[in-house]
Amino acid sequence: MNQFPSASQPSDNSTSSGSPSSTLCVGVIGLGHMGSAFARNLISSGYRTLVFDRNPSKRAACSGAEAVDTISGLASCDLVFSSLPNDEVLTSLTEGDNGILSALKRGAIHVSTSTISPETARRLSVLHEKAGQGYIASPVLGNPDLAAARKVFFMVAGSTDQVTTAVPILNDLGQHTFLLGNDPGHANLMKLGANVMIATTLESMGETLALLRKGGIPAETGYEILTNSLFDSKVHKAYGGKILREQYRPAGMVVPLALKDMRLALTEAENSATPMPFVSIVRDRMVAMMARGWKDLDWSALGLLASQDARLPSDPKLSDLLS
């Protein structure tokens, strides 16, 4: 049962930068594009911030943080964020003699921002509870640029007391926090649902812009009309713009991670007997992208696949991707 009075928690982070130092010690595990953005913002907000990544150069690049060589170096943290790519990596860094479970003190909270399966989130929550620690699922909607600007959205689920502790920090890092109750799996299921909608929108926009181009309507004209009429959402504008400009690098979400999310969503769909035929198609389209060697491209390259299938010419700068 949802014990929270509201489904969302607005954030007022207009004065986040330069705010008074917190007495909390906060750690960040995983210094990719998202994790490093969180760490930089925590530092600028005055938190004592400890960071760990298996790549020493990423630790060194996080100016202003206290870098630690092992996860055990985070033992003094009251709250630790993990920003990791999948279930396997998160599990391997959480369990074991040198993992998060063994490193954190009693009462500390692990906030997982990763997009993982609901099952893994629930299992890790149980393990942390047995260790006298907290676990909050807090996956993120938004890309690294939005994370750097404190404009991401957090979907949060976990124990009421632990969520109450974490929400002020999350509000400082993003523009809105949505509360989804006590079951951490619900936060991750919500994130998978959101990514499904983005992926199916990308496929739809890619096919539509290809159709317009084949019919003689410039993609720029089609994009302008669509995104300034009935399809003026952030997803249509931001990702449609990438398809229009054929701007698939640098990637906000690389194809393998997007494919992983479609696979997780379809697993949940199968377990709950929920047919999702469109998602199955998009999953197969992403497999086709992997077969073409596009693993380093943004998932909006679904638009590139649609244009290639339609035998439309591409920008010459993409020639190295299509060889």
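Residues numbered from 1 in each chain as written. Predicted model: local features only at pLDDT ≥ 70, side-chain atom pairs only at ≥ 80, totals over all residues. Heavy atoms only, no water.

Draft legend 1. Local environment of the pattern of salt bridges. Going through the model one piece at a time under the given rule, you end up with 13 salt bridges. In this structure, the salt-bridge partner of Lys105 is Asp78, at a minimum N-O distance of 3.0 Å. Within this pair, whereas Lys105 is found in the loop between helix H4 (100-103) and strand E6 (109-112), its partner Asp78 is found in the loop between strand E4 (66-67) and strand E5 (79-82), the two being separated by 27 residues in sequence. Of the residues examined, Asp78 reaches a relative accessible area of 23% and is grouped as partly exposed. The partner of Asp172 in a salt bridge is Arg150, and the shortest N-O contact between them spans 3.3 Å. Of the two residues, Asp172 sits in helix H7 (residues 160-173) while Arg150 sits in the loop between helix H6 (144-148) and strand E9 (152-156), which places them 22 residues apart along the sequence. Assessed through its relative accessible area of 10%, Asp172 is described here as buried. (Salt bridge = Lys/Arg side-chain N within 4 Å of Asp/Glu carboxyl O. Helix = DSSP H or I, 4+ residues; strand = E, 2+ residues; numbered from the N terminus. Buried < 20%, exposed > 50% of the residue type's maximum accessible area, 1.4 Å probe, protein only.)

Draft legend 2. Just the sheet that holds E6, in detail. Taken in spatial order, the six strands line up as E4-E3-E2-E5-E6-E7 in an open sheet, and their pairing is parallel. Here the strands that pair on one side only, and so sit at the sheet edges, are E4 and strand E7 (134-137). The sheet contact formed by E6 and E7 spans four bridges and is parallel. Looking at E7, one finds that Ser112 is bridged to Ala137. (Pairing = 2+ DSSP bridges.)

Draft legend 3. Up close: the packing of aromatic side chains. Counted under the stated rule, the structure contains four aromatic pairs. Here the aromatic rings of Phe38 and Phe81 are separated by 6.4 Å at their centres, their planes lie at 40°, and the arrangement is tilted. With Phe38 in helix H1 (residues 33-44) and Phe81 in strand E5, the pair connects residues that are 43 residues apart, well separated along the chain. Given the relative accessible area of 1%, Phe38 is considered buried. (Phe/Tyr/Trp six-rings, centres within 6.5 Å; stacked < 30°, edge-to-face > 60°.)

Draft legend 4. Expanded view of the pairing of strand E10 (residues 174-179). Across five bridges, E9 lies against E10 in parallel orientation. If you follow Phe154 over to E10, its bridge partner there is Thr177.

Draft legend 5. Geometry of helix H13 (residues 302-309). In terms of burial, H13 is largely enclosed, as seven of its eight residues are buried. Within H13, the full set of buried residues consists of Leu302, Gly303, Leu304, Leu305, Ala306, Ser307 and Gln308. Once H13 finishes, Arg311 follows within two positions and takes phi at roughly 60°, a positive value.

Draft legend 6. A look at the packing of helix H8 (residues 184-214) against helix H9 (residues 219-227). In the contact formed by H8 and H9, the axes pass within 9 Å of each other and the chain directions differ by 130°. Comparing the axis directions of H8 and H9 gives the class oblique. Here H8 runs over H9; the crossing is right-handed. Of H9, the residues touching H8 (which contributes Met205, Thr208, Leu209, Leu212 and Arg213) are Ala219, Gly222, Tyr223 and Leu226. Here the contact of H8 with H9 is composed, by residue class, of six nonpolar, two polar and one charged. (Axes fitted to C-alpha atoms, helices over the stretch in contact; angles between N-to-C directions. Parallel < 35°, antiparallel > 145°, perpendicular 65-115°, else oblique. Left-handed = near helix turned anticlockwise from the far one by under 90°. Contact = heavy atoms within 4.5 Å. Nonpolar A, V, L, I, M, F, W, Y, C, P; charged D, E, K, R; others polar.)

Draft legend 7. Structural context of the nonpolar core. Among the nonpolar cores identified, the biggest contains 32 residues, and Tyr248, Met286, Met289, Trp294, Trp299, Ala301 and Leu304 are the most heavily contacted of them. With eight residues, H8 is the single largest residue contributor to this core. In this view, Met286 contacts Ala199, Val255, Ala258, Leu259, Met262, Trp299 and Leu302; residues no more than four positions away in its chain are not counted. Counting residues in each nonpolar core, the second largest holds 29 residues, with Val26, Leu42, Val51 and Val167 among its members. (Core = buried A, V, L, I, M, F, W, Y, C linked by side-chain atoms within 4.5 Å.)

Draft legend 8. Region of interest: unusual backbone geometry. A cis amide bond links Arg249 to the next residue, Pro250, at an omega of -5°. Inspection of the secondary structure assignment puts Pro250 in the loop between helix H10 (234-245) and helix H11 (255-271). The backbone of Arg150 sits at a positive phi, close to 60°, despite the residue not being glycine. Residue classification places Arg150 among the buried residues on the basis of a relative accessible area of 7%.

Don't take any of this as a statement about function, it's just geometry.
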